[in-house]
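# Structure assessment
Next come the chains, spelled out residue by residue.
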Amino acid sequence: MNLFDFSDSVGWLMWIPICPLIAGVVLALLKPSGKVSAMVAIAALTVSLGFSLKAFAGTWGHEAHTLTHNFTWIQIAGVNLEFGVVLNSLTGSMLAMVSFIGLLIFIYSASYMSQDERMGRFFCYLSIFMVGMLGLVVANSVLMLFMFWEIVGLASYLLIGFWFHKPSAAAAAKKAFITTRIGDLGFLIGLLWAFKATGTFLFFDGGVGILESSTIAALASNTNVLWGLNGAGVIAVFLFIGAVGKSGQLPLHVWLPDAMEGPTPVSALIHAATMVAAGVFLVARAFPLFLADTAALEIVIWIGGLTALFAALIAIAQYDIKRILAYSTVSQLGLMMVGLGAGGLAIQDGGVSIGMFHLLTHAFFKALLFLGAGSIIHGCGDEQDIRLMGGVFSKMKISSLAYLAGTIALCAFPFTSGYFSKDQILLSAWEANKTVFWISAFASLLTAFYMTRQCCYVFLGKYRGEGHVHESPPLMTVPLVILAVFALLLGYVSEHFYHVLDYLSGVHVHQHNSTVVIISWIIALGGISLGLLVYARAKMGIDDVDPVKRLMTTPYGWLENRLYADELYQLTAFKLWGALAKAISAIEGLIYIMVVVATAIVSMIGQFFSGTIDKKLIDQVSFDGTCKRIYESSQINAFIQNGFLQGYLRIVTAGAVVIGILFLLLAR
Amino acid sequence: MIAFLTVIISFLGAAVIGFIPAKNNKLIRNLALLVAVSSFGAAVACYFQYLNAGSAVFQQVIDLAWIPAIGAKFKIGVDGLSISLLILTGLIAICGVLFSWELNDRPNQFYAYYFALIGGVFGVFLSLDLFLLFVFYEIAIVPKYFIIAIWGSGKKTYAAMKLVLYSFVGSAVALLGLIALYFGSGLNTFDLLELMANGDFSTQFQVVVFPILFIGFGILAGMWPFHTWAPTGHVAAPTAASMLLAGVVMKLGAYGCLRVAIGLLPEGAIHWAPIVGWIAVINIVYGALIALVQKDFKYVIGYSSVSHMGFVLLGLATLNEVGLMGASLQMFSHGIIGALLFAIVGTVIYSRTHTRQLDQFHNLMQRMPGICWVFILAGLASMGLPGFSGFVSELHVLIGTWHQGQFSIWIIILTGFGILATFTYTLVKIHEAFFRSSPANNPNEVYAPMTVAERAGCGILLLFAVAIGIYPNLLTVILEPSLAPILEALATAAK
């Protein structure tokens, strides 16, 4: 593999994950001070960003090209197990987004974490995270992707638990790792299945990679492999299970809201913009497999649609500013899945760009919202409960305006970036599946509603907390402004983006449907107006009852308790797990007892042999008895053979007499 | 000849150290380190020699007559499989000394037994004659008893007795199988290579004798349901001995299963593979689930060993190249990682907290952050995270399992479940051990950081785990030619 060939081969793509790796190793080994650590990490990521932009520029205008560079990692059973990097428009746009947002968040963190004595450690973890994230984007091998995917999971675990002295943070970290790992098991099965079916882990390999048309056709010709899916669909569904875990889809969404225990930049970078999008990215990467089986796409849109609705409902009844955003993330990820699935059903190859474009716009405005929330939390003296905020707008103008920009983008307010991307999702859902369309539309309406609710709580009225609200330093606000610009304006490049992302076919996807356009206007404007109507004048103190709760007390209570998903798992999966472990322990006890009993039996047999057989039978009866008889008989012999001649003569005489008498009697 | 140096150095070391008065413990530990390092050096030299030497599968063969009447010979030699295990043994020997650095109780005797055990283990991996192999196998058992019974903790005499009895039962069963091989072949030899080439055992014979040999060796490999010696033995043993037990001694059994049972009786292996597969999966899942509910930290590691050995057995049961490679890699990988986990729990943490009860640990993450981090790294390696050796070996085993046509689909599903369970217990136990507070005992005193010896030991083991994880070719390059004859035998048998 040639890392230094920048012209023909694309081996240099490996530098993108390697740069933060170097930074991470340096920080881990040398442990410089917090400030130096931040600078090292930022410098390394800047280099990565440079390479990423080079990659992005390379794909601009060459949409149909897929460049790869493969190299052998190990040999398994005579087969070269190859890794590699791939450059196409999917890679390019994702790389540019991840490293750009990553860099902004790194800069923001340098200020946000400056009071933390473990700042160096923090940047070390962030760098490790970037290694995994950038690595999985460039990977041309499903196995290599999986390996980076796990690094990402590990970094997420470390960062959620960064403030491990809070028991809730340590518990959340554990929960996140285990829950996503359930999905990873599906991913693992999927990649093994792919290897068995195709004999390779590579996505693109000169016509024989997993994602290339001849392989897909061969896989798909194998119908009804499992659950009615064809050979490609099975792999797709297993990979999707991995995506469900990572991207917080139903039913594995429970970890994501808890993950907000991590520092806010982490929530922005990992649990909103990049890592959670990795699942969506995986589906996009493996899209040809999904396309080969409509059933797989159906699964994707249904899971996505239900997740979108479910999470949006819960978000209405939360009071923690970050938790609301977390549920909103879950909901938006669901919409991305709908975009991918419905796009695939409606317009085949081009569908990948629909989900991916929402991923990109969402990354900007959600990172903006989280960083804005972080700034507000910081300004309000580390308070996260929106009931204890209020009136923040007048005191933190820059942060608030940026936050509002993110909000309207998330609400899909016309002509913001979110509007363009969500519009396309709804459009393709309309064509693919009407039920899912209405589910997604309702979820979007709720999104506008809960975001307005949140903004009313935070910005309107009087300040209800106890701290001294103040604006954040420029190191924090500048990234906010940059992100805000992108959140508002990214949509205008949409036409070009769709084009760039159409790497699979070049089919033009931008289309119009006036019904859908009207519906999406109604959704955005209606949701916001409804929110203003309900909350603009409401009392929002900590002791006041939420206006919606007053209307519908019981259902609101369910939502407040997050529809009891955690409790359900506590009651079922956790109990089952514990019971299973107990049952196995009981078996272990049984084996112990059996060993003890077996030993006892052996020793009893021993006792029997030594006590009964040996002592009584063998010793007393046989050995002792024989000895005794021999002894006794020898007593007689000894008596007889006493050595005196007279005695012998006496016996001989007596014997002769007896014989003589016998003769006399017999002769007669 | 270099290979045999490992045995000579160890036995010589045992003899010399045994006669040094106990009060010179600095001299003794330095000498012990020297012995361990030089035997490791000999093993590494073998590795390089093997890479450079010709294409012969077995190299450095020494073949001397020993007991001509029964055809027993003194025949030793190495192939890639044995070299990888020699290196592992040398590595664990070094780290065992490092983690016993503070030992003051009769160190002369301790190291005498220690190196006698290691010498026996080296001997087993070198033997190419079944009789000789058996002799070394027995030599390796005896010192374990004394090490555990004298320097152990808790129910040490019970554990020592249990372990030794299990080992002897295992070796007796294995001996039965070996004798059957001797008479079954009619060649009047115990020579492994000759039996492999000209053994010509009938199918009937193979089907009957294979389980005898496999169970005999499998007992030492921690095969369910004969595994109970392992957790109790590991827990009661002093750290260096638990490291050896988990790291090397369990591998003796697996080595016997592969080299003797599968290598000589391929048809028997094919016949019994599905059963062995099931037992292996039970090992994996069963060990993991029990580890989940243990309260004693060392028991957690003990059961995790049982679970990880399940992967070795599963790899063996696949009977294909990828799977056998996976089993061999897993032997090495678990050897390192298991030893590391025992070292951290048994010495590094225990010597500071003086308890191994998880509910007594209090805020360890704040009080010994460095140590906790090393354990977390070791835990990640143990759960098979990419980048560590465990991932590579488990991946091989999984691919092999997938390709094994005789297996039921449930074996694969349950293995997946076992991986998940492994992940869960590791994280749950890390959480319970380091991130919880238990106000019961002295709250916030900060513990001493790791000593130099401890750092060195952990560093060496982690280094090897990562090296194999990132570049498994280091091992596969010597393992591949060594597995070829076994695979060839299996291929012939399958026809």
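Residues numbered from 1 in each chain as written. Chains lettered and ligands numbered in written order. Predicted model: local features only at pLDDT ≥ 70, side-chain atom pairs only at ≥ 80, totals over all residues.

### Topic: the overall build of chain B
For chain B, the helix and strand inventory stands at 19 helices and two strands. What you see for chain B is a C-alpha radius of gyration of 21 Å, in line with the 23 Å of a compact globule of 495 residues. Dimensions of chain B along its principal axes, counting C-alpha atoms only, are 70 × 55 × 45 Å. Out of the 495 residues in chain B, the part that is buried amounts to 63%. (Helix = DSSP H or I, 4+ residues; strand = E, 2+ residues; numbered from the N terminus. Rg over C-alpha atoms; globule rule 2.2 N^0.38 Å. Buried ≥ 20, exposed ≤ 12 C-beta atoms within 10 Å, placed from the backbone.)

### Some thoughts on the interface of chain B and chain A
Contacts between chain B and chain A engage 31 residues on the former and 30 residues on the latter. Of all elements in the fold, only helix H11 (266–292), helix H13 (321–353), helix H14 (364–367), helix H16 (389–403), helix H17 (409–434) and helix H19 (473–494) of chain B reach the threshold of two or more residues within the side of chain B that touches chain A. The greatest single-element share of the side of chain B that touches chain A, amounting to seven residues, is contributed by H17 of chain B. In terms of residue class, the side of chain B that touches chain A is made up of 20 nonpolar, ten polar and one charged. (Contact = placed C-beta atoms within 7 Å. Nonpolar A, V, L, I, M, F, W, Y, C, P; charged D, E, K, R; others polar.)

### Points about the environment of leucine 395 of chain B
Residue and element names in this part refer to chain B. Within the fold, leucine 395 resides in helix H16. Leucine 395 gets classed as buried once you count the C-beta atoms within 10 Å, which come to 26. The spatial distance from the C-alpha of leucine 395 to the C-alpha of glycine 323 is 9.1 Å, given a sequence separation of 72 residues.

### With respect to the environment of leucine 427 of chain A
Within the secondary structure, leucine 427 of chain A sits in helix H18 (residues 417–432). In this structure the C-alpha to C-alpha distance between leucine 427 of chain A and isoleucine 18 of chain A, which are 409 residues apart in sequence, comes to 40 Å.

### So, helix H3 (residues 89–112) of chain A
For H3 of chain A, which comprises 24 residues, the first-to-last C-alpha distance of 34 Å matches the rise-based estimate of 34 Å (1.5 Å per residue) to within 8%. In terms of burial, H3 of chain A is largely enclosed, as 22 of its 24 residues are buried. (Expected span 1.5 Å × (residues − 1).)

### With respect to the nonpolar core
Of all hydrophobic cores here, the largest spans 440 residues; its most connected members are Val283, Ala367 and Leu368 of chain A together with Ile344 of chain B. Residues in contact with isoleucine 344 of chain B, not counting those within four places in the same chain, are Ile349, Ile371, Val374, Phe375, Ala378 and Cys458 of chain B. (Core = buried A, V, L, I, M, F, W, Y, C linked by C-beta atoms within 7 Å.)

### Focus on unusual backbone geometry
With an omega of 0°, the peptide bond running from leucine 250 of chain A to proline 251 of chain A counts as cis. One can find proline 251 of chain A in the loop between helix H8 (231–246) and helix H9 (255–258). Residue proline 225 of chain B follows tryptophan 224 of chain B across a cis peptide bond; omega there is -5°. Even without being a glycine, alanine 412 of chain A presents a positive backbone phi close to 65°. In this fold, alanine 412 of chain A is placed in the loop between helix H17 (397–410) and H18. Given 31 C-beta atoms within 10 Å, alanine 412 of chain A falls into the buried group. Positive phi, close to 55°, is recorded for asparagine 188 of chain B, a residue that is not glycine. Tracing the chain through its elements places asparagine 188 of chain B in the loop between helix H6 (156–185) and helix H7 (192–198). C-beta crowding within 10 Å serves as the criterion here: with 12 such atoms nearby, asparagine 188 of chain B is assigned to the exposed category.

### Structural notes on the packing of helix H2 (residues 25–52) of chain B against helix H3 (residues 80–99) of chain B
Residue and element names in this part refer to chain B. In the contact formed by H2 and H3, the axes pass within 8 Å of each other and the chain directions differ by 160°. It follows from the interaxial angle that H2 and H3 lie roughly antiparallel. The crossing of H2 and H3 is left-handed. Across from Arg29, Ala32, Leu33, Ala36, Val37, Ser39, Phe40, Ala43, Val44, Cys46, Tyr47 and Tyr50 in H2, the residues of H3 making contact are Gly80, Ile83, Leu86, Ile87, Gly90, Leu91, Ala93, Ile94 and Val97. Split by residue class, the contact of H2 with H3 holds 17 nonpolar, three polar and one charged. (Axes fitted to C-alpha atoms, helices over the stretch in contact; angles between N-to-C directions. Parallel < 35°, antiparallel > 145°, perpendicular 65-115°, else oblique. Left-handed = near helix turned anticlockwise from the far one by under 90°.)

### Let's talk about helix H15 (residues 369–382) of chain B
The terminal C-alpha atoms of H15 of chain B, which comprises 14 residues, lie 20 Å apart, in line with the 20 Å expected from a rise of 1.5 Å per residue. When H15 of chain B is considered as a whole, its buried residues turn out to be Ile371, Cys372, Val374, Phe375, Ala378, Gly379, Leu380, Ala381 and Ser382 of chain B.

### Observations regarding the confidence of the model for chain B
Overall, the predicted model of chain B reaches an average pLDDT of 87, with 99% of residues at or above 70. In the predicted assembly, ipTM is 0.74 and pTM is 0.81. (pLDDT = per-residue confidence, 0-100.)

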